[in-house]
Amino acid sequence: MLKITNTLTGKKEPFRPVRNRNVGMYVCGVTVYDLCHLGHARSAVVFDVIRRYLDYKKYKVRYVKNFTDVDDKIIKRANQEGKPWLDVAETYIRAYREDMSRLGVQPADREPKATEYIPEMIRLIETLVKKETAYAIDGDVYYRVKRFKNYGKLSKRDADELAAGARVEVDERKENPLDFALWKASKPGEPTWDSPWGPGRPGWHIECSAMALKLLGRGLDIHGGGKDLIFPHHENEIAQSEGATGKPFARTWIHNGFVNVNQEKMSKSLGNFFTIREVFEKSPWPEAVTAEVLRYFLVSTQYRSPIDFSDDALKSAKAGLDNFYDLFLRLRENTLSVGRADKQARIALQNFKKRFEKAMDDDFNTAIAIAEFQKLRSTMNRMTQEGISKSTAKQIESTFQKLGKVLGLFQLDPESWRVKGVKLYLELSDELKLSDKIGMSEKAHVAKIDLSDEQVQTLIMEREEARRNKDWSRADTVRKKLAHAGIIIEDRPDGTTRIKR
RNA sequence: GGCGGCGUACCCAAGUGGCUAAGGGAGCAGUCUGCAAAACUGCGAUUCGGCGGUUCAAUCCCGCCCGCCGCCUCCA
């Protein structure tokens, strides 16, 4: 039985969708005014994994993740760049899609844009106004927080105390400092739509209420996003939606923890953020490898906890994955016609599956799920030594692939993970050279040696010849030379040589 | 100030009122190997920030203290 920690109740509770096996899931997407950073990547990967696991459990998932494409920050950006605001939004929606596809994040079933749901928003606001849960002033419409008795139930805040401690400069026209904008009269040059209150544009929170209600309605089982959205965004969504419909909005609220750098939240204001593409660009590994490394890093911590990003963390993730892919290679190479360990291996696979599901059922504990993969890897390495047949080896590999898919891991061809065939040209850097940026000590000594494919081949042949002549010192010299270019040579028992980087 | 969270070995990271405190990375030693790498085997927290309390028994429950972080304003 799947259990999920629900922010609303503060408890881990059994997951029961409204309509049996159908799951409606809404996740707050990004405001498209800039490139996505690793924080966005984490949120995306977390909910991608949740979605994949629900699929795996044979739920019928309808996953909606929106784009906020009308907003103050987009307007500001457009003004800075002297571009139409729609262009800005389009640019970053495209960038988002590129980044996510690199990360192997599956698109949601619906990716609505706020601007496509203006009529729905207006209707929602009208309902609220009719119920006197909202009021209009000079073309603006505000939500009357006092009218919603449960205000604060998600973020566990007391409305009165909030009002007392309000740090925002108070708009004198508002009845209560906590009241928030549902609709804003637009200034010249700003995006604008006709409305019963005059030309204007939506406030920040209303779009998600409108889209979630429209696309998922009462089947809203899961509503998610980063922890920073709990207040005010999700709190306000609840107020708007429940204020209008009089019915509970979402059943289970899921919030993911932040990505930190040196224990501090990665954020624009601190300037300590890394964009997703920046990490890809600076990565010493091929793109597909980097993607899995990032995912491995991101899911190696339970989704609610903070996770600290660093070069070391990525290297550690890479090393962990290398060991898996080494096993996959071994599985393809070291098989027999009849395996002594076949039976044991098959039993281990069955047990593994149960443990994996147990881990994931417990609030998507991907950290434990990975630990289970690790144990299986170790077991299978031993089985391989004892001897397994080709068909069992295939079964093992496909189990890793099939269950790994839930986390988005082990999806690459083991041959291409780090053996021949990948791009040979590489810039060799121990560190990702992120150091200066995050103020860490300078320790990146970059040796840059580019070897062409041909040069590598020549060197390897040279070493083979040396080995045949038992000229060990010459063979080792070549090995060292290649090592400088990041190429590792492994001599295998059958006399062949494996090339890794 | 209010609310929430965290502090587990060199690093990352699970976890439980009592059974060996998972797993990974790094390290060390052994087997293997021309050497190396990989794999395998072994080693590595008598202890879970500190101090008290509850309990037959606490890392896990309670209280206090110390340290760190987040939200309370836009933020994944």
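Residues numbered from 1 in each chain as written. Chains lettered and ligands numbered in written order. Predicted model: local features only at pLDDT ≥ 70, side-chain atom pairs only at ≥ 80, totals over all residues. Heavy atoms only, no water.

> Quick rundown of the confidence of the model for chain A? Include the residues and the values.
In this model, chain A carries an average pLDDT of 88, and 90% of its residues clear a pLDDT of 70 or more. Overall, residues 420–448 carries pLDDT values under 50, and its contacts beyond four positions in sequence, including any with other chains, amount to 58 contacts. (pLDDT = per-residue confidence, 0-100. Contact = heavy atoms within 4.5 Å.)

> Pulling in residues and values, what's your account of a positive patch on the surface?
Together, Lys131, Arg147, Lys149, Arg218 and Lys247 make up a region of like positive charge exposed at the surface. With respect to the helices and strands, Arg147 occurs in the loop between strand E6 (140–143) and helix H5 (159–164). For Arg147, a relative accessible area of 45% puts it in the partly exposed group. (Patch = residues over 30% accessible without salt bridge, like charges linked within 9 Å, V, L, I, M, F, W, Y side chains within 5 Å. Areas by Shrake-Rupley, 256 points an atom, 1.4 Å probe, with all protein chains shown as cover. Salt bridge = Lys/Arg side-chain N within 4 Å of Asp/Glu carboxyl O. Lys, Arg positive; Asp, Glu negative; His and termini not counted. Charge placed at Lys NZ, Arg CZ, Asp CG, Glu CD. Helix = DSSP H or I, 4+ residues; strand = E, 2+ residues; numbered from the N terminus. Buried < 20%, exposed > 50% of the residue type's maximum accessible area, 1.4 Å probe, protein only.)

> Pulling in residues and values, what's your account of the packing of helix H1 (residues 38–56) against helix H11 (residues 342–361)?
Running from N to C, H1 and H11 point in directions that differ by 130 degrees, and their axes come no closer than 12 Å. With respect to their mutual orientation, H1 and H11 come out oblique. Crossing geometry of H1 relative to H11 is assigned as left-handed. Between H1, through Val49, Tyr53 and Tyr56, and H11, the contact on the second element is made entirely by Lys353, Phe356, Glu357, Met360 and Asp361. Of the residues contributing to the contact of H1 with H11, the split by class is five nonpolar, no polar and three charged. (Axes fitted to C-alpha atoms, helices over the stretch in contact; angles between N-to-C directions. Parallel < 35°, antiparallel > 145°, perpendicular 65-115°, else oblique. Left-handed = near helix turned anticlockwise from the far one by under 90°. Nonpolar A, V, L, I, M, F, W, Y, C, P; charged D, E, K, R; others polar.)

> Which residues make up the protein's contact with RNA strand B, and what values go with them?
If you check the shell around RNA strand B, you find 52 residues, and the closest are Lys73, Trp204, Gly226, Asn323 and Arg330. Here a phosphate oxygen of RNA strand B sits 2.8 Å away from a polar atom, N or O, in the side chain of His40. Here Ser43 contributes a side-chain N or O atom positioned 3.2 Å from a sugar or linking oxygen of RNA strand B. Sorting the residues of the surface near RNA strand B by element identifies H1, H5, strand E9 (220–226), helix H10 (311–333), helix H12 (366–386), helix H15 (453–468), helix H16 (472–484) and strand E16 (488–491) as the ones contributing at least two each. In terms of residue count, H12 provides more of the surface near RNA strand B than any other element does, nine residues in total. (Near = heavy atom within 4 Å. Polar contact = N/O pair within 3.5 Å; in protein donor to acceptor, adjacent residues only side chain to side chain.)

> Would you mind going over the sheet that holds strand E4 (residues 60–65) in detail, with residue names and values included?
Read from one edge of the open sheet, four strands run E4-E3-E9-E10, paired in parallel fashion. A strand with exactly one partner marks an edge of an open sheet, and here the two such strands are E4 and strand E10 (252–256). Ignoring which end each strand starts from, the neighbouring axes of this sheet average 20 degrees apart. (Pairing = 2+ DSSP bridges.)

> Please give an account of empty space enclosed by the protein that cites residues and values.
Applying the stated rule across the entire model yields one cavity of 30 Å³ or more. The volume enclosed by the largest cavity comes to roughly 80 Å³. Taken together, Val45, Val46, Val49, Ile50, Leu298, Val299, Thr301, Tyr303, Phe364 and Thr366 form the lining of the largest cavity. Looking at the lining of the largest cavity, the elements with two or more residues in it are H1 and helix H9 (287–299). Considering every element that reaches the lining of the largest cavity, the biggest residue donor is H1, with four residues. For the lining of the largest cavity, the per-class residue count stands at eight nonpolar, two polar and no charged. (1 Å grid on protein atoms, 1.4 Å probe; cavity = no way out; pocket = protein on both sides within 12 Å on 5 of 7 lines; lining within 4 Å. Points joined across faces, edges and corners; volume = space filled by probe spheres on them.)

> Describe the environment of Ala291, with residues and values.
Relative to the helices and strands, Ala291 is located in helix H9. Judged by relative accessible area, Ala291 falls into the buried class, the value being 6%. Sequence separation between Ala291 and Arg102 is 189 residues; the distance between their C-alpha atoms is 6.5 Å. Those residues in contact with Ala291 that lie beyond four places of it in its chain are Arg102, Leu103 and Phe280.

> Go over the pairing of strand E3 (residues 22–27) with me, naming the residues and quoting the values.
A regular strand places its side chains so that they alternate between the two faces of the sheet. With five of six residues buried, E3 lies mostly within the body of the structure. Judged from the six bridges that link them, E3 and E4 form a sheet pairing that is parallel. Following the sheet pairing, Val23 is matched in E4 by Val61. One crossover worth recording links E3 to the parallel E4 by way of H1, and it is right-handed. Across four bridges, E3 lies against E9 in parallel orientation. Paired with Tyr26 across the strands is His223, a residue of E9. (Right-handed = clockwise from strand over helix to strand, strands pointing away.)

> Can you lay out the nonpolar core for me, pointing to particular residues and giving the numbers?
Membership of the largest hydrophobic core comes to 135 residues, with the highest contact counts inside it found for Leu54, Met380 and Phe400. Examining the composition of this core, we find that 11 residues originate from one element, H1, more than from any other. Summarising the domain contributions, this core has at least three residues from each of domain 1 (21–261) and domain 2 (305–413). Contact partners of Leu54, with chain neighbours within four places excluded, come to Leu2, Phe15, Val23, Met25, Tyr59, Val61 and Ile222. Of all hydrophobic cores here, the second largest spans eight residues; its members include Val456, Val478, Ile487 and Ile499. (Core = buried A, V, L, I, M, F, W, Y, C linked by side-chain atoms within 4.5 Å. Domains from an automatic or database assignment.)

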